[in-house]
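Inside the fold
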Amino acid sequence: MTVPLLEVRDLAVGFPGQVVVHGVSFHIDPGETLALVGESGCGKSITAFALMRLLPPTARVLRGSVLFDGTDLVTASPRVMRGILGKRISLIQQEPMTSLNPVLPVGAQIGEVIRRHEPVSRAAARRRAEELLDLVGIPEPRRRAAEFPHNFSGGMRQRVMIAMAVACQPRLIIADEPTTALDVTIQAQVLDLLDDLREQFDMAVLLITHDLGVVAQWADRATVMYAGRIVEQAPVRPFFRHPRHPYTRGLLGAAVNEAGEAEGGHYTTRRLNEIVGSVASAVGEPGCPFAPRCPDKIPACRAAPPSLEPMPDGSAVACIIAARPEVAHAAADG
Amino acid sequence: MSALADEHSPIALRGPPAQRRHRLLRASLRNPSFLIGLVILLVVIGVALTADRLFPGDPQDMVGTPALWPGQDAEFLLGTDSLGRDVASGLAHGARVSLLVGFSAAAIGLVIGTLIGAVSGYCGGWADTLLVRLTELFQTVPTFLLVIVIVAIGQPSAPVIALAIGVSAWPTVARLVRAQFRSLREAEFIAAARSLGYGAPRIIIHEILPNALAPIIVTGSLMVANAILTEAGLSFLNMGDPNLISWGSMIGDGRPLLRTAWFLCALPGGAIALTVLSLNLVGDGLNDLLNPRSGAV
């Protein structure tokens, strides 16, 4: 097995009086795309920002470690972090409309990243910025480099953001819902571009999303978070073929898909499946956070949060029923 | 606003920065109040720069018959004051003092205010609390009194006066800059800047300051105007630099003759009003021109 590029072990993040990420562990191999999936507020963005030590001022990393290329990012000094961010790990944010500095030309903004991390001249940085704009598919990069962000459309701005993110050829790109603010056709273009660049520069991508279609098309592995815990982790193929965790099954069942249309008409006429209840019911739950909403729950689920159990096919699941089917049978028999 | 700018962009922003500078020039030509302000200001600056050449010799010298009305003697176009000093020469040399004190005081105030406001707004926490209290402390003291106290403690020389005005004027800038920084620091592009490994000084100077510049420039031009007024007030009260002639001291000297020779007060007063007006117009115009989202560029 390869040495993982990023290894997160038992990372917990809390706000005052509240824990929002309860010890998550996952790893990203060099060059792969890992999707972090979950509904709003499940802690996926907080987890990603904790990796980069960019948490809001009141949030704290409570425990755990984040090993990136041999450095523990949780304990690294701010100086070391500033050397890593933008150079070896970079971030693509959700909102391309507001993520660029409105008063600086885009070429200058890209050039600044390069000059921050590499000892190159202003002119060389400008040339690199123009090359990068060309690389991300912006026509007439020379002219466009001198323009301001408000001269670009949303999709174009996200391309500029990608150019900035890959400017120093990082090992890892964290993309926080990079296409949520874009319309669907642009989404596909932007994600294709990101995937091309990933291959070209041999980068790994942590793709944070709530869009299962995006996961299916662009991710190698998927990690599902629910209420601050990882509930399932699997390579994309088994993830969609045999979802193990009841929450994942619920998510896949709630999606609009062709199978549903084949069964009973169009999504506009057919009622979509839903997961009953809301994520708020996980608060104060001593056992499995999904137990209050779980259709298959047994009394043992309420005892303690299940740990993430590895499965023979390379996936892992945090559900006592899915991990050990005999438990469910025993409960049913008894 | 941005839609408007987008509409203009293909024509307005084509080409390298040098060409854009030409467009900035052309846009400023379409802004009449800015132009008027600029012309007046440039005339005042020109007179100040060439005062030695236009009116050689010390403006404090008594050169003619006292209290000549303007036009009475071709040699003294704007007349003479009660001691026979040339009013035109005094106005020209006074422009020098007014502008010098005005601009340096504003510069001092801007630097202190921007620094304190930026640190306070960006860092937050106890640093912010401390600096806000300090700012409020300075704001509770009446500005003019503070200037008088500082000048009275030091000597009434132009540098001390400029420093005094600057030190008393910074709280306004600090509050403005702090407010700007507080809102901008939460902006997504600042989060993006942090994610690129930029340190606090770079974020403050490179990322946030350019965004906060427009209101700072406008305030700066108003501060120059205020500093000129304050300096004139000081000189009027005979607390100005006694070795330099200033518009304020000219008004003060002309006051006893207000009923017989009102022009002694009116001319320097008009000069002050005109200069202050021009600075205000220029400040407003710059606000429109420098904002890249205003669509004027």
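Further remarks concern the overall build of chain A. If you tally the helices and strands in chain A, you get 13 helices and 12 strands. Taking 2.2 N^0.38 as the reference for a compact globule, 334 residues should give roughly 20 Å; the C-alpha atoms of chain A span a radius of gyration of 21 Å, in line with that estimate.

This paragraph deals with the interface of chain A and chain B. Counting residues at the interface gives 29 residues for chain A and 25 residues for chain B. Per element, the largest residue contribution to the side of chain A that touches chain B is 4 residues, and it comes from helix α3 (residues 106-117) of chain A.

Two packed helices can be described by the angle between their axes and the distance between those axes. Residues and elements named next belong to chain A. Interaxial distance between helix α6 (residues 154-166) and helix α7 (residues 184-201) falls to 10 Å at its minimum, and their mutual angle equals 15°. When the interaxial angle is binned, α6 and α7 end up roughly parallel. Between α6 and α7 lies a crossing whose hand is right-handed. Across from Gly155, Gln158, Arg159, Ile162 and Val166 in α6, the residues of α7 making contact are Ile186, Gln189, Val190, Leu193, Leu194, Leu197 and Phe201. Of the residues that constitute the contact of α6 with α7, the class distribution is 8 nonpolar, 3 polar and 1 charged.

Residue and element names in this part refer to chain A. Counting buried positions over the 7 residues of strand β10 (residues 229-235) gives 6, a clear majority of the element. With 6 bridges connecting them, strand β9 (residues 221-226) and β10 associate as antiparallel partners. Its bridge partner lying in β10, arginine 221 is registered against proline 235. Connecting β9 to the next strand, β10, in antiparallel fashion are 2 residues, including alanine 227 with a positive phi near 50°. In terms of strand pairing, β10 meets strand β12 (residues 316-317) through 2 bridges, oriented antiparallel. When the bridges of β12 are listed, glutamate 232 appears paired with valine 317.

Hydrogen bonding along the main chain pairs the strands of a sheet, whether they run parallel or antiparallel. Residues and elements named next belong to chain A. In spatial order, the strands read β6-β7-β8-β3-β9-β10-β12-β11; together these 8 strands make up an open sheet with mixed pairing. The strands lining the two open edges of the sheet, one partner per strand, are β6 (89-92) and β11 (309-310). Of the pairings in the sheet, the one linking β6 to strand β7 (residues 172-176) comprises 4 bridges and is parallel in character. Pairing of serine 90 across the sheet is with isoleucine 173, part of β7.

The next subject is the domain arrangement of chain A. On domain assignment, one finds that chain A holds domain 1 (6-219) and domain 2 (245-264 + 272-333). Taken together, the residues that form the side of domain 1 of chain A that touches domain 2 of chain A break down as 2 nonpolar, 1 polar and 1 charged.

Judged by nonpolar contacts, the single largest core of 167 residues is most densely connected at Ala163, Leu172, Leu206 and Leu207 of chain A. Considering every element that reaches this core, the biggest residue donor is helix α5 (residues 87-123) of chain B, with 15 residues. Every residue in contact with leucine 207 of chain A, bar those within four places of it in the chain, is listed here: Thr33, Leu34, Ala35, Leu36, Ala175, Trp218 and Ala219 of chain A.

Here is what the cut-offs are and how they apply
Residues numbered from 1 in each chain as written. Chains lettered and ligands numbered in written order. Predicted model: local features only at pLDDT ≥ 70, side-chain atom pairs only at ≥ 80, totals over all residues. Helix = DSSP H or I, 4+ residues; strand = E, 2+ residues; numbered from the N terminus. Rg over C-alpha atoms; globule rule 2.2 N^0.38 Å. Contact = placed C-beta atoms within 7 Å. Axes fitted to C-alpha atoms, helices over the stretch in contact; angles between N-to-C directions. Parallel < 35°, antiparallel > 145°, perpendicular 65-115°, else oblique. Left-handed = near helix turned anticlockwise from the far one by under 90°. Nonpolar A, V, L, I, M, F, W, Y, C, P; charged D, E, K, R; others polar. Buried ≥ 20, exposed ≤ 12 C-beta atoms within 10 Å, placed from the backbone. Pairing = 2+ DSSP bridges. Domains from an automatic or database assignment. Core = buried A, V, L, I, M, F, W, Y, C linked by C-beta atoms within 7 Å.

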